[in-house]
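Each chain is listed here by its residues.
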Amino acid sequence: MYGIEIIFLSKGDDFFITKTVETHIYRIIQELVNNVVKHSEAKCAHVEIDFAFPYIHILVKDNGKGFSSETVSKGIGLSNIDSRLRFMNAQVKKDSSQKGTSFQITINLDKIPETP
């Protein structure tokens, strides 16, 4: 339908995360992949999740046209991602060029506030 190959890789240790954290991670990845599909004109995207307690490393990258953070307005999707990352005290590194875009996210489970 969209002509984008999406490669998924999950590796590392098994450990428990709360439903809240699981949902935040799912929604972040969902929004990033949605942005690849809608805006990147990419032919291929990679989604990688690496569990190494207490860290979760997430990489979402594509080979699309990239974007400039100065010219792209922060829509509701990117705002939601930023809000979820702030809640989890996660670190994010964004890189974009004419060769593609990547989001590298690091979540330290020990730094996530406890939720009821």
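Each chain has its residues counted from 1, following the order in which its sequence is written. Predicted model: local features are reported for residues with pLDDT of at least 70 only, side-chain atom pairs are reported and counted for 80 or more only, and whole-chain, interface and lining totals are derived from all residues. Only hydrogens and water are set aside when side-chain values are computed; all heavy atoms of the structure are taken into account.

(A) Representation of the layout of surface pockets in the model. In this model, the second largest pocket occupies a volume close to 250 Å³. Lining the second largest pocket are 12 residues; nearest its centre among them are Thr18, Val21, Leu109, Ile112 and Pro113. The nonpolar class holds Ala, Val, Leu, Ile, Met, Phe, Trp, Tyr, Cys and Pro. Asp, Glu, Lys and Arg form the charged class, and all remaining residues, Gly among them, are polar. Taken together, the residues of the lining of the second largest pocket sort by class into seven nonpolar, three polar and two charged. Cavities and pockets are found on a 1 Å grid laid over the protein atoms alone: a cavity is a set of points where a 1.4 Å probe fits but cannot escape, a pocket is an open set with protein on both sides within 12 Å along at least five of seven lines, and a lining residue has an atom within 4 Å of such a point. Grid points are joined across faces, edges and corners, and a volume is the space filled by probe spheres set on the points.

(B) Molecular detail of the nonpolar core. Only buried Ala, Val, Leu, Ile, Met, Phe, Trp, Tyr and Cys residues count toward a nonpolar core, and they belong to the same one when joined by side-chain atoms within 4.5 Å. Each residue gets one of three labels from its accessible area relative to the maximum for its type: buried under 20%, exposed over 50%, partly exposed in between, using a 1.4 Å probe on protein chains only. With 21 residues, the main nonpolar core has Ile25, Ile56, Ile58, Ile105 and Ile107 as its most contacted residues. Numbering of helices and strands runs from the N terminus, with a helix taken as a DSSP run of H or I at least four residues long and a strand as a DSSP run of E at least two residues long. Elements supplying a minimum of two residues to this core: helix 1 (19-40), strand 2 (44-52), strand 3 (55-62), helix 2 (76-87) and strand 5 (100-108). Not counting chain neighbours up to four residues away, the residues in contact with Ile58 comprise Ile25, Ile29, Glu48, Phe103, Gln104, Ile105 and Ile107. Throughout, a residue-residue contact means that at least one pair of heavy atoms, one from each residue, lies within 4.5 Å.

(C) The arrangement of the environment of Ile49 in detail. The topology assignment puts Ile49 in strand 2. Taking relative accessible area as the criterion, Ile49 reaches 12% and is therefore assigned buried. Each C-alpha atom, one on Ile49 and one on Ile25, is 10.0 Å from the other, the two residues being 24 residues apart in sequence. Other than its neighbours up to four places away in sequence, Ile49 contacts Phe8, Leu9, Ser10, Lys11, Ile29, Ile56 and His57.

(D) Fine view of the side chain of Ser102. Among the secondary structure elements, Ser102 is positioned in strand 5. Ser102 has contacts with Leu59, Val60, Lys61, Lys93, Lys94 and Asp95, leaving out every residue within four places of it along the chain.

(E) Inspection of the pairing of strand 3 at higher detail. Across eight bridges, the pairing between strand 2 and strand 3 is antiparallel. If you follow Asp50 over to strand 3, its bridge partner there is His57. Strands were regarded as paired on the criterion that DSSP finds at least two bridges between them. Hairpin geometry of strand 2 and strand 3 is characterised by an intervening segment of two residues between the two adjacent antiparallel strands. In the sheet, strand 3 pairs with strand 5 via seven bridges, with the strands oriented antiparallel. Within strand 5, the residue paired with Ile56 across the bridge is Ile107.

Geometric values such as these leave the question of function open.
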